[in-house]
Amino acid sequence: MGRVFVLIFNARTENEGIHTIRIGDRNKVLMFESEDDATRFALMLEAQDFPTPAVEAMDMSEIEQFCKSADYDYEVVPANGDLIVPPEQNVDETDWREDGSTPTEPKVQPEEEMSNTELDNIRRKLEGLL
């Protein structure tokens, strides 16, 4: 499989963020095979008072590489499979803001995270795929 659909908040901005589900102390990115399934999930998030994320088509290998570099888990949600619903509880504090501002308390970043230059390079590659 080449293309999957992921949910992006503040797409194509300096404050862009990918939707993850927190399981314990781990974050998981959902990669949907079906754009319709991703859109349904996005609408369910909106119903939980989340800002509406954009559904973006991306290369699966790029998302896998991002997850590996960010130490995130990922799951492919098959088309025509069971309906996936968001967890009933959301995190209290996200790493991004809808208005582009930064969180009030700075997050401590582990040393193994990628530099801004590396992230910008990956972002440009991902944008080139669209």
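Our subject is the structure listed above.
Every value quoted in this text rests on a predicted model; they were computed, and no experiment measured them. (Residues numbered from 1 in each chain as written. Predicted model: local features only at pLDDT ≥ 70, side-chain atom pairs only at ≥ 80, totals over all residues. Heavy atoms only, no water.)

*Asks:* I'd like to hear about helix 2 (residues 60–70), residue by residue, with values.
*Replies:* In an α-helix, one full turn covers 3.6 residues, which means residues spaced three or four apart are oriented alike. For helix 2, the complete set of buried residues consists of M60, E62, I63 and C67. Each buried residue of helix 2 sits inside an arc of 160° when the element is viewed along its axis, so together they form one side. (Buried < 20%, exposed > 50% of the residue type's maximum accessible area, 1.4 Å probe, protein only. Helix = DSSP H or I, 4+ residues; strand = E, 2+ residues; numbered from the N terminus. Arc of directions from axis to C-beta.)

*Asks:* Residues and numbers for the pairing of strand 3 (residues 20–23), please.
*Replies:* Sheet topology places strand 3 next to strand 4 (residues 26–32); 4 bridges connect them, and they run antiparallel. Bridge pairing in strand 4 links I23 to R26. Between the end of strand 3 and the start of strand 4, which pair antiparallel, lie 2 residues, with G24 showing a positive phi angle near 65°. (Pairing = 2+ DSSP bridges.)

*Asks:* Give a description of the packing of aromatic side chains that names residues and reports values.
*Replies:* One pair of aromatic rings is described through two measures. These are the centre distance and the angle between the planes. Counted under the stated rule, the structure contains 3 aromatic pairs. Between F9 and F50, the ring centres sit 5.6 Å apart and the planes meet at 35°, which makes this aromatic pair tilted. Here F50 lies in the loop between helix 1 (35–47) and strand 5 (54–59) and F9 lies in strand 1 (residues 3–9), a separation of 41 residues in the sequence. Considered together, F9 and F50 belong to a single accessibility category, that of buried residues. Considering the side-chain rings of F32 and F41, the 5.5 Å spacing of their centres and the 50° angle between planes classify their relative orientation as tilted. With relative accessibility at 0%, the residue F41 sits in the buried group. (Phe/Tyr/Trp six-rings, centres within 6.5 Å; stacked < 30°, edge-to-face > 60°.)

*Asks:* Just give me the short version of unusual backbone geometry, but keep the residues and values in it.
*Replies:* Although it is not a glycine, D49 sits at a positive phi angle of roughly 70°. Along the chain, D49 turns up in the loop between helix 1 and strand 5. On the basis of relative accessibility, which here comes to 72%, the residue D49 falls in the exposed class. Here the phi dihedral of D71 falls at roughly 60°; this positive angle occurs in a residue that is not glycine.

*Asks:* Can you lay out the environment of S61 for me, pointing to particular residues and giving the numbers?
*Replies:* Looking at the element boundaries, S61 is found in helix 2. You can call S61 partly exposed: its relative accessible area is 40%. For S61 and R3, which are 58 residues apart along the polypeptide, the C-alpha to C-alpha distance reads 8.6 Å.

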